[in-house]
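# Fold and geometry: a report
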Amino acid sequence: MRIVSLQPSVSVILNSLGHLDTLVACTRYCLDVVPELRRRNLPLVHDAWTTTTDELAALKPDLVIASVPYRQESLAAILKAGFSVLALAPHCLADIYSDIRLVGSVVHATEKAEAVIASMQSAIAEVSSKAALTGKRPCVYCEEWGKPLIHSQLWVKELVEAAGGDFVGSPGTVTEADVIAAANPDVMVMAWCGAGMRVPLERTVEKRGWQDLHAVGERRVFCITEELLNTPAPTLIGGLHALASVIHPEIFGQMQSPQMRCIDFEAEPSKLV
């Protein structure tokens with residue numbers, strides 16, 4: 001099986017199944033979430049928005065796997081060129097489990113896929129059980145993008161709830177700064193697509209007039225790198241632990257990780273905004 005991965009989540013799933021050897025090419029974004037790929041020196045292709053049939057033709061793949069977000073026009077062109085395409089479009093954790101099973105069946109790793117899913121479910125259940133002990137459910141605003149403001153996806157809502165919080169707003173929808181201000185969340189989490197750890201927390205709060213919000217006053221405004229929350233794959237368990245640590249630090253402790261940071265009003269202004 002010769003597979004081209006057009007999205008980091010696909011590469012993460014293949015890695016969790018122990019089948020990175022099926023990859024003949026991936027995107028440069030895949031290298032960030034699966035460091036092992038850097039050592040393999042695979043050809044790099046464009047992502048599911050911009051890949052071309054010419055670059056795929058040179059690779060002669062048996063299967064091209066894409067996942068959200070992708071551009072339908074790009075996938076249509078790939079199909080028209082005669083390539084086999086598997087397009088994943090998960091919305092919730094159950095969908096992600098189904099995608100892991102599907103990819104597992106493609107690479108003949110059905111038992112491993114079930115083990116990966118069981119491990120994810122066990123981790124979520126353990127966090128949920130501990131979070132329930134507190135009896136408190138802080139209101140949590142999670143943002144996937146800042147221009148316009150977009151709520152994080154449904155699977156993030158599920159993780160927030162498992163970590164003992166109440167998700168503010170409707171997953172995946174556009175919102176406004178004043179709507180979030182009215183909700184006055186206890187915790188705010190920014191995980192902007194493509195921004196990594198460069199989300200300008202301090203500048204964002206200032207520009208949106210959020211200085212008096214409860215989360216800001218308590219310094220409970222966080223950046224969590226997108227690969228932990230926006231990648232529909234087993235890496236979401238890392239996102240779960242990060243969320244648990246910011247929602248209920250009294251239970252889970254304050255997580256120290258290069259993949260997350262707290263607001264710092266003395267920080268240098270970011271160039272992103």
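Residues numbered from 1 in each chain as written. Predicted model: local features only at pLDDT ≥ 70, side-chain atom pairs only at ≥ 80, totals over all residues. Heavy atoms only, no water.

For the protein, the name recorded in an unreviewed UniProt entry is ABC transporter substrate-binding protein, with Alloacidobacterium dinghuense as its organism.

Turning to helix α5 (residues 72–80), its buried residues number three or more, namely S74, L75 and I78. Seen end-on, α5 carries its buried residues on one side only, within an arc spanning 95 degrees. Those residues of α5 that are exposed and angled more than 90 degrees off the buried face are Q72, E73, L79 and K80. Tucked into the core, α5 has its buried residues touching α4 (53–57), β3 (63–67) and β4 (85–88). Looking one or two residues past α5, G82 carries a phi angle of roughly 100 degrees, positive in sign. (Buried < 20%, exposed > 50% of the residue type's maximum accessible area, 1.4 Å probe, protein only. Helix = DSSP H or I, 4+ residues; strand = E, 2+ residues; numbered from the N terminus. Arc of directions from axis to C-beta. Contact = heavy atoms within 4.5 Å.)

The next thing to look at is the packing of helix α7 (residues 110–131) against helix α13 (residues 236–247). Between α7 and α13, the least distance of the axes is 10 Å, while the angle of their chain directions is 10 degrees. Here α13 runs roughly parallel to α7, going by the angle between their axes. Contacts from M120, A123, I124 and V127 in α7 reach I237, L240, H241 and A244 in α13. (Axes fitted to C-alpha atoms, helices over the stretch in contact; angles between N-to-C directions. Parallel < 35°, antiparallel > 145°, perpendicular 65-115°, else oblique.)

The next subject is the layout of surface pockets. Considering only enclosed or pocket space, the largest pocket measures out at about 740 Å³ in volume. Residue lining of the largest pocket: 26 residues in total, with Q7, P69, C193, E226 and N230 positioned closest to the centre. Secondary structure elements with two or more residues in the lining of the largest pocket: α1 (8–16), α2 (28–33) and α12 (226–229). By residue number, the principal contributor to the lining of the largest pocket is α2, which donates 3 residues. The residue makeup of the lining of the largest pocket, split by class, is 11 nonpolar, 10 polar and 5 charged. Structurally, the lining of the largest pocket is a two-domain feature, drawing no fewer than three residues from each of domain 1 (3–89) and domain 2 (113–262). Space inside the second largest pocket adds up to approximately 260 Å³. Residue lining of the second largest pocket: 14 residues in total, with F222, V246, Q254, M255 and C262 positioned closest to the centre. (1 Å grid on protein atoms, 1.4 Å probe; cavity = no way out; pocket = protein on both sides within 12 Å on 5 of 7 lines; lining within 4 Å. Points joined across faces, edges and corners; volume = space filled by probe spheres on them. Nonpolar A, V, L, I, M, F, W, Y, C, P; charged D, E, K, R; others polar. Domains from an automatic or database assignment.)

Counting residues in each nonpolar core, the largest one holds 60 residues, and the members touching the most others are L37, I100, V189 and L243. In terms of residues, this core owes the most to one element, α13, which gives 8 residues. Formed jointly, this core draws a minimum of three residues from each of two domains, domain 1 (3–89) and domain 2 (113–262). Leaving out residues up to four positions away in the same chain, V189 has contacts with V140, Y141, C142, E143, F222, I224, L229, L243 and V246. With 19 residues, the next largest nonpolar core counts V168, V199, L201 and V205 among its residues. (Core = buried A, V, L, I, M, F, W, Y, C linked by side-chain atoms within 4.5 Å.)

Inspection of every chain in the model, using the stated rule, returns 2 aromatic pairs. Ring centres of Y141 and W210 lie 6.1 Å apart, and the angle between their planes is 90 degrees; on these two criteria the pair is classed as edge-to-face. Taken as a pair, Y141 in strand β5 (residues 139–146) and W210 in the loop between α10 (201–208) and α11 (214–217) lie far apart in primary sequence, 69 residues in all. For Y141, a relative accessible area of 0% translates into the label buried. (Phe/Tyr/Trp six-rings, centres within 6.5 Å; stacked < 30°, edge-to-face > 60°.)

Here the focus is the UniProt feature "domain: Fe/B12 periplasmic-binding" (unreviewed entry) in the protein. Here, UniProt's "domain: Fe/B12 periplasmic-binding" (unreviewed entry) annotation points to residues 2–251. Overall, residues 2–251 shows 47% helix and 15% strand. The separation of its end C-alpha atoms is 45 Å. (UniProt positions renumbered as here; feature names shortened; annotations may be inferred.)

Turning next to α7. With 22 residues, α7 ought to run about 32 Å at 1.5 Å a step, and its terminal C-alpha atoms sit 32 Å apart, in line with that. Residues of α7 that are buried: A113, V116, I117, M120, A123, I124, V127 and A131. When α7 is viewed along its axis, its buried side chains cluster within an angular range of 120 degrees and face the same direction. On the buried face of α7, the contacting elements are α1, α6 (93–106), α8 (154–162), α13 and α14 (249–252). (Expected span 1.5 Å × (residues − 1).)

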